[in-house]
Structures are given as C-alpha cells and as structure tokens.
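Understanding the architecture of this molecule
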Protein chains: 2
Amino acid sequence: MTKPKPPPQSRSSKPPYHHGDLRRALVSAGLAIVGSEGIEALSLRAVARRAEVSHSAPYHHFQDKAELLAAVAAAGFEQLVAAIDAQAAESQARTALDALRAVGRGYLRFAVGHPAIFRLMFRPELTRPAEHPVLVAAEALAFGKLLQTVAMCQQTGELPGHDPLPPSAACWSIVHGLAMLKVEQVLGETPLGGIPFEQLVAAVVETVIAGVRARP
Amino acid sequence: MTKPKPPPQSRSSKPPYHHGDLRRALVSAGLAIVGSEGIEALSLRAVARRAEVSHSAPYHHFQDKAELLAAVAAAGFEQLVAAIDAQAAESQARTALDALRAVGRGYLRFAVGHPAIFRLMFRPELTRPAEHPVLVAAEALAFGKLLQTVAMCQQTGELPGHDPLPPSAACWSIVHGLAMLKVEQVLGETPLGGIPFEQLVAAVVETVIAGVRARP
DNA sequence: CGCGCATCTTTACGATGTCAAGTTTTGCCG
DNA sequence: CGGCAAAACTTGACATCGTAAAGATGCGCG
C-alpha cells in the first residue's frame, strides 16, 4: 500500500486537517480501483470506501464524480508520459526517427500495461462534463511530446515538411487506434486476434513511419 | 434452454403477440435514444419508456441490458457497412486502391455522422459481458469488407505482399484511431482541433496508403 | 479562549438494473 | 369449442449509485 505523501502545501511537517489530505488519498484510491477492478467498479462510493471515509466526503474536494475521475485520468496521463520517456531511454534511440518509434511503442506499452486507466483517459463523458484544467494540461503535455519529436525529425531531415501537425495526426491516430482496438478487446474478435500483439505493433509503427516519410 | 425463437411469421398477415414484436421496437427505440440524446441517456428504462412498455418488459426479449445494447450496436455495424458501400459507390472507385480509400473515408464519415452509435459499438463493457452472436457476426462482416479490399489491392499488385492481415491492421488502426479521437472530442483539446477535419482525414488516409505501399 | 469555518458524517431522494410475483393474452390440444 | 399452459407484459421490491442538505467535529486565527 502506498503511504500518504508528505503533507501538502499550506503547513509543513504535520497532517493538515482532519484526515490528512484526503484529496490525494482519493485519487490514489481511484487509481487502485481502476487498476485492479476496472472502470465499471470505479464509483464515487467505492473510492470513498477504499479511502475509508463516508460516501460524500469526496464532495469537499471535488465538485462531482467527473472531477474526481478527471484527477485520476490526469494522473494516468502523467504515467503515460513517463512510460514514453522510459521507452525512449530503454530503446537507446540515436536518431530522431528512433525517438519517434519509441513514442509509439511507449504509448502502446502503456495502453496494454494499464488498460483500465487508459480507457478512462479517453472517456470524456466520465471526466469532462466541463473541461478540468489539470486534465487538459496533462493531456497537452503528452501530445506535446509527440509534436516535439516529429518536429525534431523534420529538423534533422528524417521527415519531410515543416509543419509537424499532419504527420503527428497520422502517428497518433494509428497508435491510438491500435491501442483502443486492443484494450477494448475488439482485436480478439477478428482474425487479427491470432497475430501476436508485438507483431502488430511492429507492423503498425513501421507502416506509419514509412507513410510519413513518403509523403511530400 | 435457448428458446427457439425464429421470428417466424414476419408476414404482415398477423401481429405476432401482445405488443407486436417488441424486440424490434426496443432496438429502434435504443437507436433513437442513442442518436438523439447520446450514450449516457441510453438506460434500459428509458428504452422501455420510449417503447411504451413497463420497465421490465425488455427482460422477456433480452437477458439483460448488455444484450439489448448489443442488438443496438449490431444495427450500428450494419449501418457502418452500408455507409462504406455508399462511399465506394459515390466515389466511383476505379482502382482497388481507390476502393480502399473509400473504405477508410466511409468509416470516418459514419463515425462523425453518427458519433453516439459509433461510440456504443466500441464499448464492450456495455455490449459484451458475454459475446453476443449477432454482434460478432455484424462485426465480422464489417472487418471482412476491409480484408477483402486489401486482398484485392494485393491481387492487382497495387499493394505488395500476399497476407492481407498486416496492411489491414494498419489501415483499420489509423482510421479507427482518428475516428475515436474525433468522436471522443479529444482532438478539440489539442492543436489538431484547429485543422479542418476533412483535411485530417485526407492526410491520414493518404499517409497510411503510402505506408502500406512502401512496406516490403 | 472562543468563535468560524473547513472537514467529514448522516440522512434522504430520485434514478438505475435486476429479480420475484402477479396478470393478461395467445396458441394449442383434446 | 373449451380450457389450459405458457408466453408476454406489469407491478412492486431491493441494492446501488450520484448528489444534496443538514448535522457533527476539530483546527486555527483573532
């Protein structure tokens, strides 16, 4: 079990209030539930239960369920960015194109490694009745990583063009599509389910790279 | 166990039972609700209400909510196949590659034209606690369309290779990914939201075609 | 030291999915 | 043609959910 982090902002060196920062406890309870029991078990009351508070305690830290889930999803985006960085480091990317491959592979590795959180992250009706700034920021960070890598490829001449947006759209789409089909278990219902997933990843990543390299 | 319920007397001579085939009425009520009010309004009771029956009448035609939604989703897959065919006809595809482009464009057109049904179709937790044969069949039909078109491209030499699966995976992934990012309104939160969607469609479709053509 | 307010609990309400009993209609068999 | 079993549908109930309102509790500032 993860122990509570050191006390938050206002006072140092002692648990701030009643519970001792419930907000963080709720978010990690949410992460734990979604990770172990999946999205459908992720109810406001279940989160409160796991944090050992009453079912309406969360309302003093989040406006509603969506805002809590948005915080959980934002944590997911941070993990995603970390997974991408880890993949880049691990793969020892030497060229910008290799870095781009690592972004795609890291994205997919995160998706299959944490399918439930990944699904939550792309379920706006659960997290976004209103745009929650934490989520938007975390999301922008993740997409920025891709944009940046593509731009780097263009600067080194490994990819054509000057506008990183169109190639980024293609890369994101293909990787996100494969991830979705996988985590939603659609692949298993088709002939593609017979192919080892690693092989699909390779095929898809190399295909999109070939595509963005070929386009004028 | 399985009730032998072939819809036998679909002749107009006699209304079958009490209500006069509720099953179909429920499915189209579901389609209507999801189309007009979205996925979150799609409750068992709401469907029953719109069909003007009691809240538990559906249980005589479907084992549970998931089975009803599976039937609605299956209807969605049929519409998707129709949309793809319509796009192929409309685009006057003359080469196999053009037909492949039409599949992608039809898929995307359906997704943006019927976002709510599209989302339902790819939400297994709503439709698939158990695999419902109607859904699996409808889905296989849709994927078969893609496989078939890719195979045709390979036969005419417009695409390399003999196994249609890998290129199909790439095509489906990229188109599905863009569709998902669009209907889940993720695109709008990124710089890609500033680009006209038609332009993204063109970029993505042409990129994947360039990719599958280039790969050995 | 006491008051205010943020934190948390209790209680309550409407909506949902599902089940167990009833009720009405249908089709069939004698 | 009459009656009966079962199918189709309704009613009522239950647990769970999200949310709101009102009550309890303890921290910290004046």
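To start, this report covers the structure provided alongside it. (Residues numbered from 1 in each chain as written. Chains lettered and ligands numbered in written order. Predicted model: local features only at pLDDT ≥ 70, side-chain atom pairs only at ≥ 80, totals over all residues.)

Re the overall build of chain A
Spelled out, the test is: Put simply, DSSP marks the helices as runs of H or I at least four residues long and the strands as runs of E at least two long, and each gets a number from the N terminus on.
In terms of helices and strands, chain A carries 9 helices and 0 strands. Written out in order from the N terminus, the α and β elements of chain A read α-α-α-α-α-α-α-α-α.

Thoughts on helix α4 (residues 96–113) of chain A
Residues and elements named next belong to chain A. The following threshold applies: Here the expected span of a helix is defined as 1.5 Å times the quantity of residues minus one. Backbone-placed C-beta atoms define the burial measure: a residue is buried with 20 or more other C-beta atoms within 10 Å of its own, exposed with 12 or fewer, and partly exposed in between. Contact criterion: two residues are in contact if their C-beta atoms, reconstructed from the backbone, are within 7 Å.
In this model α4 runs 25 Å from its N-terminal to its C-terminal C-alpha over 18 residues, within 8% of the 26 Å that 1.5 Å per residue would give. When we look at burial in α4, the residues that qualify are Ala99, Leu100, Arg101, Ala102, Val103, Gly104, Arg105, Gly106, Tyr107, Leu108, Phe110 and Ala111. Where α4 is buried, its residues touch α3 (65–90), α5 (115–121), α7 (133–155), α8 (165–183) and α9 (197–214).

Quick look at the packing of helix α4 (residues 96–113) of chain B against helix α9 (residues 197–214) of chain B
All names here are of chain B. Under the convention used in this document: Inter-axis angles, ranging from 0 to 180 degrees, are taken between N-to-C directions of lines fitted to C-alpha atoms, where helices are fitted over the stretch in contact. Definitions for this section: a left-handed crossing has its near helix turned counterclockwise from the far helix by less than a right angle. A right-handed crossing has that turn clockwise. When residues are grouped by polarity, Ala, Val, Leu, Ile, Met, Phe, Trp, Tyr, Cys and Pro land in nonpolar, Asp, Glu, Lys and Arg in charged, and all others, Gly among them, in polar.
Relative orientation of the contacting elements α4 and α9 amounts to 145 degrees, with a least axis distance of 11 Å. Crossing angle aside, the handedness with which α4 passes α9 is right-handed. Facing Leu97, Leu100, Arg101, Gly104, Arg105, Leu108 and Val112 of α4, the residues of α9 in contact are Phe197, Val201, Val205 and Ile209. In terms of residue class, the contact of α4 with α9 is built from 8 nonpolar, 1 polar and 2 charged.

Focus on the packing of helix α1 (residues 22–37) of chain B against helix α3 (residues 65–90) of chain B
All names here are of chain B. In plain terms, the rule: Roughly parallel refers to an angle under 35 degrees, roughly antiparallel to one over 145, roughly perpendicular to one between 65 and 115, and oblique to any angle outside these ranges.
As a packed pair, α1 and α3 sit with axes 9 Å apart at the nearest point and diverge in direction by 70 degrees. Classified by the angle their axes make, α1 and α3 are roughly perpendicular. Within the contact between the two elements, α1 uses Leu26, Val27, Gly30, Leu31 and Val34 and α3 uses Leu68, Leu69, Ala71, Val72 and Ala75. Grouping the amino acids of the contact of α1 with α3 by side-chain chemistry returns 9 nonpolar, 1 polar and no charged.

Observations regarding the interface of chain B and chain A
Listed per partner, the contact involves 40 residues of chain B and 40 residues of chain A. Looking at the side of chain B that touches chain A residue by residue, the classes come out as 26 nonpolar, 7 polar and 7 charged.

Some details on the relation of the copies chain B and chain A
Heads up, the condition is: We place the copies in one frame by least squares, fitting the C-alpha atoms of every residue whose pLDDT is at least 70 in both.
For the pair chain B and chain A, the superposition axis carries a translation of 0.0 Å, the fit reaches an RMSD of 0.0 Å, and the rotation angle comes to 180 degrees. Seen this way, the second copy is the image of the first under a two-fold rotation axis. By residue overlap, the copies meet face to face through one surface: 100% of the interface positions of chain B are interface positions in chain A.

As for α9 of chain A
Taking 1.5 Å of rise per residue, the 18 residues of α9 of chain A would be expected to cover 26 Å, and the 26 Å separating its terminal C-alpha atoms lies within 8% of that figure. Every buried residue belonging to α9 of chain A is among Leu200, Val201, Ala203, Val204, Val205, Thr207, Val208, Ile209, Ala210, Gly211 and Val212 of chain A, and all of these are buried. Against α4 and α8 of chain A together with α8 (165–183) and α9 of chain B lie the buried residues of α9 of chain A.

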